[in-house]
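Structural overview for review
Listed here are the chains, written in short residue letters.
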Amino acid sequence: MLMILSDNIKIKAAVPLGFMAQWHEDIYCVFGRDPAAHSVWEILLTYSGVHAVLIHRISHRLWKANWKLAARILAATARTLTNVEIHPGATIGRRLFIDHALGVVIGETTEIGNDVTLYHGVTLGGTTWNKEKRHPTLGNNVLVGSGAKILGAITLGNNVRVGANSVVVKDVPPCCTVVGIPGRVIQSKDTQIQNRHGIDLDHHLIPDPVGKAIACLIERIDELEAMQEKSNKIVAEDSCSVCDAESVCSIPSSGVGTRESQIKRAARA
């Protein structure tokens with residue numbers, strides 16, 4: 001039975017699965033997350049992300065059986081064939097899907113829950129050389145966009161979405177969206193992902209915090225300009241009735257000199 005434990009999350013398979021049952025799920029889960037998949041043979045022959053996961057199932061069993069050299073050799077072979085590096089010590093839950101599968105790196109102490117989706121260029125990396133828990137833990141239904149880096153022994157809760165090219169270095173609570181460098185929580189759904197497959201693939205529907213901040217600044221500038229214009233209008237209407245220099249400020253109707261010459265004459269007087 002699959003069991004993953006960390007400080008903030010616990011992932012447990014509902015029922016123990018045999019080796020072939022895991023392979024079956026790893027293959028058929030693709031249909032729910034990639035509309036380009038048309039047949040099982042197409043997935044088996046062309047999906048390098050599926051190849052990497054299937055081979056990892058074998059190398060991980062070798063690693064747990066203390067056949068560590070054989071496990072590393074098999075993992076290195078898989079990296080050469082698929083361009084995906086998964087350390088055989090990494091613990092991976094059910095139905096992991098690595099889409100496009102180029103340049104994905106999953107470290108030794110990484111823990112991944114069920115129904116997780118990773119896109120190309122994702123790194124689940126460590127931040128220390130100590131032989132301890134140094135890689136992230138991902139909960140169930142997590143989606144990590146292309147190029148994102150999740151670093152350190154942090155925990156991403158269930159149903160978290162990580163935007164493309166984000167760098168996440170802190171824990172993320174469940175049902176949140178994270179973007180930016182460093183990653184910031186910009187949206188919290190407060191509920192589980194509503195999808196008949198239990199997976200949220202709308203990773204393109206991510207708010208733009210910078211654009212929102214600029215829009216707020218523009219709105220505030222418009223308000224301040226309106227207030228300033230109103231204030232200037234009031235001053236212009238009331239100033240001559242109370243100003244002692246009315247004769248100096250007024251512009252002559254005939255050619256008796258400019259306003260500047262009138263001011264100079266008033267100063268000499």
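Residues numbered from 1 in each chain as written. Predicted model: local features only at pLDDT ≥ 70, side-chain atom pairs only at ≥ 80, totals over all residues. Heavy atoms only, no water.

Observations concerning a negative patch on the surface
Together, Glu 219, Asp 222, Glu 225 and Glu 229 line one region of the surface with negative charge. Here Glu 219 is to be found in helix α6 (residues 209–242). You can call Glu 219 partly exposed: its relative accessible area is 49%. (Patch = residues over 30% accessible without salt bridge, like charges linked within 9 Å, V, L, I, M, F, W, Y side chains within 5 Å. Areas by Shrake-Rupley, 256 points an atom, 1.4 Å probe, with all protein chains shown as cover. Salt bridge = Lys/Arg side-chain N within 4 Å of Asp/Glu carboxyl O. Lys, Arg positive; Asp, Glu negative; His and termini not counted. Charge placed at Lys NZ, Arg CZ, Asp CG, Glu CD. Helix = DSSP H or I, 4+ residues; strand = E, 2+ residues; numbered from the N terminus. Buried < 20%, exposed > 50% of the residue type's maximum accessible area, 1.4 Å probe, protein only.)

Thoughts on helix α1 (residues 19–28)
Within an α-helix, residues lying three or four positions from one another point in the same direction, as the helix has 3.6 residues per turn. Along α1, the residues classified as buried are Gln 22, Glu 25, Asp 26 and Ile 27. In this structure, the buried residues of α1 make contact with α2 (30–33), α3 (40–46) and α4 (48–64). (Contact = heavy atoms within 4.5 Å.)

As for the packing of aromatic side chains
This structure, assessed with the given rule, holds 1 aromatic pair. One cation-aromatic arrangement involves Lys 68 over Trp 63; the distance from NZ or CZ to the ring centre is 4.0 Å. (Phe/Tyr/Trp six-rings, centres within 6.5 Å; stacked < 30°, edge-to-face > 60°. Lys NZ or Arg CZ within 6 Å of the ring centre and 35° of its normal.)

A few points about a nonpolar patch on the surface
Residues Trp 41, Leu 44 and Leu 45 make up a contiguous nonpolar surface patch of about 370 Å² in total accessible area. Of note, Trp 41 is situated in helix α3. Residue classification places Trp 41 among the exposed positions, given a relative accessible area of 63%.

Considerations on the packing of α1 against α4
Relative to each other, α1 and α4 sit at 160 degrees, their axes nearing to 10 Å. If you check the angle between α1 and α4, you find them roughly antiparallel. The two elements α1 and α4 cross, and the hand of that crossing is right-handed. Listed contacts from α4 to Phe 19, Gln 22, Trp 23, Asp 26 and Ile 27 of α1 are Val 50, Val 53, Leu 54, Arg 57, Ile 58 and Arg 61. (Axes fitted to C-alpha atoms, helices over the stretch in contact; angles between N-to-C directions. Parallel < 35°, antiparallel > 145°, perpendicular 65-115°, else oblique. Left-handed = near helix turned anticlockwise from the far one by under 90°.)

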